[in-house]
Amino acid sequence: MKVCLESEQMSVILEAKDLSKVYGEVNAVNHVSLAVKEGALFGLLGPNGSGKTTMIKMLTGQVRPTSGSATVLGLDVEKDPVGVRAQVGIIPEQETPPSFLTAREYLDFVGAVRKIPDIGEKADWWFDFLEFGDKKNVLCKDLSRGTRQKLMFAQAFVHEPALALIDEPLINFDPIMQDVVKDYLAEYAKKGKTIFISTHILEVAEEICSEFAILHKGNLLHTGPVADLTARDEHLSSFFLSLVRKDRHA
Amino acid sequence: MLDLFKNMVKEEWRMHSTMFGSLSFAMFPVMIFGIAFMSSFLLPLLRTSMPAGNIALMTHASFLMLGFMVGAFGLLGNEVMNRRFGQASLLAYSARSLPLSGQFIFSNFVVKDLIYYFFLWVFPFGLGYILASPFIGVPLAGALLLLLTLTLSFLSGLCVVFFLSTVYARSRALLWLLVLLLGAGCGTIVAVTGTNPALFFPPLLLYLSFSYPLFLLTCAALAILFAVSVALFDPQETEKTREVKNSFAPLLAKFSFLPNPPLAAKDMIDLYRSGSVVGQTLFSFIIPLAVIWFFLSLLGPYLPPHGLLFMFAIVAGVIASTMYTWVTMFDNFGPYACLPVAVSTLISGKVTTFSLLQIVPAVFIAAVAVLTGEAANLVPAVVLCLAISFYAAGVMVWLTGLSPNVLVYDVKVLVIYLALVGLALTIFTGIAFASPLFAIASLVLLVPAWLFIRKAKVKWDAVDPAGF
């Protein structure tokens, strides 16, 4: 199943073709094809264990697909995973910054690895924007989960990537910071950059995503614009639940 | 109360069997048993060239080392477990969620380590010897006594490391004072009695001449060390929030001549701030080597002239190669997966940091050469030590990539490692014994070391980076 979204004039920035990942006897992702166009705020939705994280890992070259292929920004993720990671920003769901670097040092480290000029100024902007400048000299191991998430968010966007892939973007943020981040993501997409988020928090997806796909037990159940649901006066959560429940009983 | 202990044992087993597969991990004690059983048949041969007491001494020294290693690994701390195993959460770090004191959990953790590793290493070794004993003319009582005294050796290493590391966590000055006192004590024994202090190692004394008073005294000493360690253990120590000045930028500038300067700078900060560079140098390098020196020096009469220094350089080289585990212990690939860093680049970075750390064994062997009046052999001894270290590390990198700690119990990997490193050790021990200057020929080992690392990069780039 494959549906191209947004207007045909915009170029496809991320494309998965028949992508599968098998871990032992588990089909984590099962022949999924999808395409995301430039400027989209794309939400990959699914219950726990549906294959969302594996999908992001494959799209960023962190794990190899068992079969199928994917291109990100025109690069084959299997052939050039480092090239892909150089171009995109990634926030993994469970990863935390290195324990013995301070927040400031971690952004300096990311800047040095990514060869970002004036990383100092950019880092300062992020400390101010996400309101954690008072923690910049604290070792990452001593930061709260929320502050670590802020830092991971900053490292993913500090080089202003054309595409950012975020696994559960708001999970550790307080309501105020969630609002700040949602606004930032929406503005970022308006600038023509693309955001690919994976989440099981449907309210967030409905609020900020322009397009979405639903994954269940590794299978792609649906993909389409959020606007289609709005036009039918249907909420994403009810649509999602009916689709997933139907698939469970299938 | 027993529940915590039982679950910790289950957890340890599941952690290992998840990493290596149940069968592969279960084969590990079988392999130890097989090695002990088969090598027991070499004893009659060895006895023709070396007194039985010295063979016993080496075996006890090995189990003392094993205790040191297990103790050091047990105390790597929550941070290392988190970094290595991602989201793995262990019962040892559950004092905040369980209605149990940190001390109680720590005691269970130590006893679990003790029993678990006893059945993993000590018992299979002893059993191999016990079953072989009827065929090699060793009385059963002697074989059983060896199992007991090896257990005490293992316990000694474990308890000493637990004790020293809890002291270290409280006061570094006190630790240094203790180490100095220990060194001075050994020096005094040598000066006053003219006897090697290793000969006063209680488990060895018990093996050579068993007596109940000494046995009880040894057990009491170990129990006291354990009790003091538990009393000194402070789980709150790690809870302090640390704010530090930026060291990354200056280090990055200093390391600009190296390949992958950001990775080297990060590794150095990890080692320094985690206390590893001091703690590991002390617990995993200097103390084990100091103990080995005392034991090895007893073999002096059976070695060729200058043989002791070169034998020591080789052992130091093998131990120095484990510094690769120091630089990988705080990382899995996870934190780098969101950056444009390939596994091969990370391996290069770790090898660079490992190379920087080799200054420690180089200085150490140079100091030993000077202090033992063998300054003339300083250069070949240092070259031999470093060449062995790089070679063994190269093999380790090829076999285990970024996970040398977690793969050590994979029987297949361990057998290949032992065969490849054992071969090089045998050849270069012979060469160095033939003439000290020939030891410089060990530089040739850098070629296979380089090839192993090159192959490792290709091999590990082709595999999905392992998480937990």
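Residues numbered from 1 in each chain as written. Chains lettered and ligands numbered in written order. Predicted model: local features only at pLDDT ≥ 70, side-chain atom pairs only at ≥ 80, totals over all residues.

K.L.:
Whenever I open this one, the overall build of chain B confuses me. Can you help?
P.N.:
When its secondary structure is counted, chain B shows 20 helices and zero strands. Residues classed as buried in chain B amount to 42% of the 468 residues present. In chain B, 79% of the contacts between residues at least 6 apart in sequence involve partners at least 24 apart. (Helix = DSSP H or I, 4+ residues; strand = E, 2+ residues; numbered from the N terminus. Buried ≥ 20, exposed ≤ 12 C-beta atoms within 10 Å, placed from the backbone. Contact = placed C-beta atoms within 7 Å.)

K.L.:
Help me understand helix 16 (residues 343-357) of chain B, please; the structure alone is not making it clear to me.
P.N.:
Helical periodicity: at 3.6 residues per turn, an α-helix aligns residues three or four positions apart in one direction. Residues and elements named next belong to chain B. With 15 residues, helix 16 should cover 21 Å at 1.5 Å per step; its first-to-last C-alpha distance of 21 Å lies within 8% of that length. Residues of helix 16 that are buried include every one of Val-343, Leu-346, Ile-347, Ser-348, Gly-349, Lys-350, Val-351, Thr-353, Phe-354 and Leu-357, and no others. The elements touched by buried residues of helix 16 are helix 12 (261-273), helix 15 (323-328), helix 17 (359-371), helix 18 (378-400) and helix 20 (446-461). (Expected span 1.5 Å × (residues − 1).)

K.L.:
Before we go on, may I ask you to explain the interface of chain B and chain A in this structure?
P.N.:
Each partner contributes to the interface: chain B provides 29 residues, whereas chain A provides 31 residues. Residue assignment for the side of chain B that touches chain A shows that the elements contributing at least two residues are helix 5 (77-85), helix 11 (248-254) and helix 12 of chain B. Residues that form the side of chain B that touches chain A fall into these classes: 14 nonpolar, six polar and nine charged. (Nonpolar A, V, L, I, M, F, W, Y, C, P; charged D, E, K, R; others polar.)

K.L.:
Sorry if this is basic, but what is going on with helix 17 of chain B here?
P.N.:
Residues and elements named next belong to chain B. Taking 1.5 Å as the rise per residue, helix 17 with 13 residues should run 18 Å; its terminal C-alpha atoms sit 18 Å apart, in good agreement. Residues of helix 17 that are buried include every one of Pro-361, Phe-364, Ile-365, Val-368 and Ala-369, and no others. Around the axis of helix 17, the buried residues are gathered within 135° of arc, so they sit on the same side. Of the exposed residues in helix 17, those oriented more than 90 degrees away from the buried face are Ile-359, Val-363, Ala-367, Val-370 and Leu-371. Directly beyond the C-terminal end of helix 17, a positive phi value near 70° is found at Gly-373. (Arc of directions from axis to C-beta.)

K.L.:
What is the right way to look at the pairing of strand 8 (residues 194-199) of chain A in this model?
P.N.:
A regular strand carries its side chains on alternate faces of the sheet. Residues and elements named next belong to chain A. In terms of burial, strand 8 is largely enclosed, as six of its six residues are buried. The alternating pattern of strand 8 places Thr-194, Phe-196 and Ser-198 and Ile-195, Ile-197 and Thr-199 on opposite faces, both of which are buried. Examined bridge by bridge, strand 3 (residues 41-45) and strand 8 share five bridges and lie parallel to one another. When the sheet's bridge partners are listed, Leu-44 is paired in strand 8 with Ser-198. By the bridge criterion, five bridges tie strand 7 (residues 163-167) to strand 8 in an arrangement that is parallel. The partner of Ile-166 across the bridge, within strand 8, is Ile-197. In this fold, strand 7 hands off to helix 6 (residues 175-190), which returns the chain to strand 8; that crossover is right-handed. (Pairing = 2+ DSSP bridges. Right-handed = clockwise from strand over helix to strand, strands pointing away.)

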